[in-house]
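Each chain, letter by letter, is given below.
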Amino acid sequence: MFTPMSATRFSLALLLAAPVLGGCGDRYSTLPVPGVAAAPMPGLDASVASSSPEQAQRGMSDHTWFWTRGSGPAQIHYSTADGRDFVWLVGERRILAGQWRIDTNATASDQPLTQICLRYPGVRRQDLSDSWLCRPAGTMFGDMQEREAGDPLRFAGRTQAKFVLTHTPASLAEVEGRVAATPENLGY
């Protein structure tokens, strides 16, 4: 049986323990506070800041990569070591030829920023242009769904794919399997 004194102590202890028992705060504690900066994203910040021109060059040279960002169709690229880029778009049979390069600019705070730039002469499509379009290298690598060394789809220098990708593939492996299973005599 509680005495008035122990009931008071119990109430005080419960009041002090409420934030711990209730999840350390109310449901509004994670909302942004006006005038308070957003929480840093160390992984993304480090990726953007640490992409040197040499690292970006190695990351792009002789790599196939899968891209689903942007407003246009999904893209599969092969970027050669000598600055050529070939892209196959979902919904198309044609393989577009372009170029890639590494560029370094200064940020607003005069820090060097390495960028990956792409262009496709004569092409004006969603997310592809005949002018150089540049993105921070760390962001570009972070946005790639997959990337692997070499040209496993064998479309460097080709103008036509073996077939039309009718939907966005789940992975590069899915596309590689379909390419390997398709006969060579289809004008590829």
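Just so it is clear, the structure is predicted and the values come from calculations on it, not from any experiment.

Chemist: Lay out helix H5 (residues 172-181) in plain terms, naming residues and giving numbers.
Modeler: Residues of H5 that are buried include every one of Leu172, Val175 and Val179, and no others. Summarising the axial view, the buried residues of H5 lie within an arc of 65°, below the 170-degree limit, and thus occupy one face. Relative to its buried face, H5 has exposed residues pointing more than 90 degrees away, namely Ala173, Ala180 and Ala181. Looking at the buried side of H5, the elements it contacts are strand S1 (63-67), strand S2 (75-79), strand S3 (84-89) and strand S7 (146-149).

Chemist: Tell me about the confidence of the model for the protein, residues and numbers included.
Modeler: On average, residues of the protein score 79 in pLDDT, and 71% of them are at 70 or above. Note that residues 10-39 has pLDDT below 50 and, in this model, three contacts with residues that lie over four places away or in other chains.

Chemist: Which residues make up the sheet that holds S1, and what values go with them?
Modeler: Strand pairing in a sheet is mediated by backbone hydrogen bonds. Such pairs are either parallel or antiparallel. Pairing is antiparallel across the open sheet formed by seven strands, whose spatial order is S6-S5-S4-S3-S2-S1-S7. With one partner strand each, in any of the chains shown, strand S6 (133-136) and S7 form the two edges of the open sheet. Strand-to-strand twist of the sheet, defined as the mean angle between neighbouring strand axes without regard to direction, takes the value 25°. Each of S1, S2, strand S4 (95-106), strand S5 (112-119) and S7 is contacted by helix H3 (residues 53-60), which is oriented at about 165° to S4, the strand it contacts most. Packing against the sheet, H5 makes contact with S1, S2, S3 and S7, and its axis sits at approximately 55° to S7.

Chemist: Quick one: what's the story with H3, residue by residue and with numbers?
Modeler: Listed in full, the buried residues belonging to H3 are Ala56, Gly59 and Met60. For H3, the angular spread of buried residues about the axis comes to 90°, placing them on one side. Turned more than 90 degrees away from the buried face of H3, the exposed residues are Glu54 and Arg58. Contacts made by the buried residues of H3 are with S1, S2, S4, S5, helix H4 (137-143) and S7. Count one or two residues on from H3 and you reach Asp62, which has phi positive near 55°.

Chemist: Before we move on, could you go through the state of the cysteines and cite the residues and values that matter?
Modeler: Here the structure, examined in full by the defined rule, presents one disulfide. Note that Cys117 is cross-linked by a disulfide to Cys134, the S-S spacing being 2.1 Å. Every disulfide takes its handedness from the sign of the S-S torsion; for Cys117 and Cys134 that torsion is 110°, giving right-handed. Here Cys117 is found in strand S5, whereas its partner Cys134 is found in strand S6, with 17 residues between them in sequence.

Chemist: Requested: an account of the packing of aromatic side chains, with residues and values cited.
Modeler: Evaluation of the coordinates by the stated rule reveals three aromatic pairs. With a centroid separation of 6.1 Å and 85° between ring planes, the pair formed by Trp65 and Trp67 is classed as edge-to-face. Of the two residues examined, Trp65 and Trp67, each falls in the buried class. The lysine or arginine in question, Arg101, covers the ring of Trp132, its NZ or CZ lying 4.2 Å from the ring centre.

Chemist: Explain the pairing of S3 residue by residue, including any values.
Modeler: In terms of burial, S3 is largely enclosed, as five of its six residues are buried. Between S2 and S3, which pair antiparallel and follow one another directly, the connecting turn spans four residues, one of which, Gly83, has a positive phi of 95°. Pairing geometry for S3 and S4, over five bridges, is antiparallel. Across the sheet, residue Asp85 finds its bridge partner in S4, namely Gly98. Taken together, S3 and the strand that follows it, S4, pair antiparallel across an intervening segment of five residues, in which Gly91 is found at a positive phi of about 95°.

About the cut-offs
- Residues numbered from 1 in each chain as written.
- Predicted model: local features only at pLDDT ≥ 70, side-chain atom pairs only at ≥ 80, totals over all residues.
- Heavy atoms only, no water.
- Buried < 20%, exposed > 50% of the residue type's maximum accessible area, 1.4 Å probe, protein only.
- Helix = DSSP H or I, 4+ residues; strand = E, 2+ residues; numbered from the N terminus.
- Arc of directions from axis to C-beta.
- Contact = heavy atoms within 4.5 Å.
- pLDDT = per-residue confidence, 0-100.
- Pairing = 2+ DSSP bridges.
- Axes fitted to C-alpha atoms, helices over the stretch in contact; angles between N-to-C directions.
- Disulfide = S-S within 2.5 Å.
- Phe/Tyr/Trp six-rings, centres within 6.5 Å; stacked < 30°, edge-to-face > 60°.
- Lys NZ or Arg CZ within 6 Å of the ring centre and 35° of its normal.

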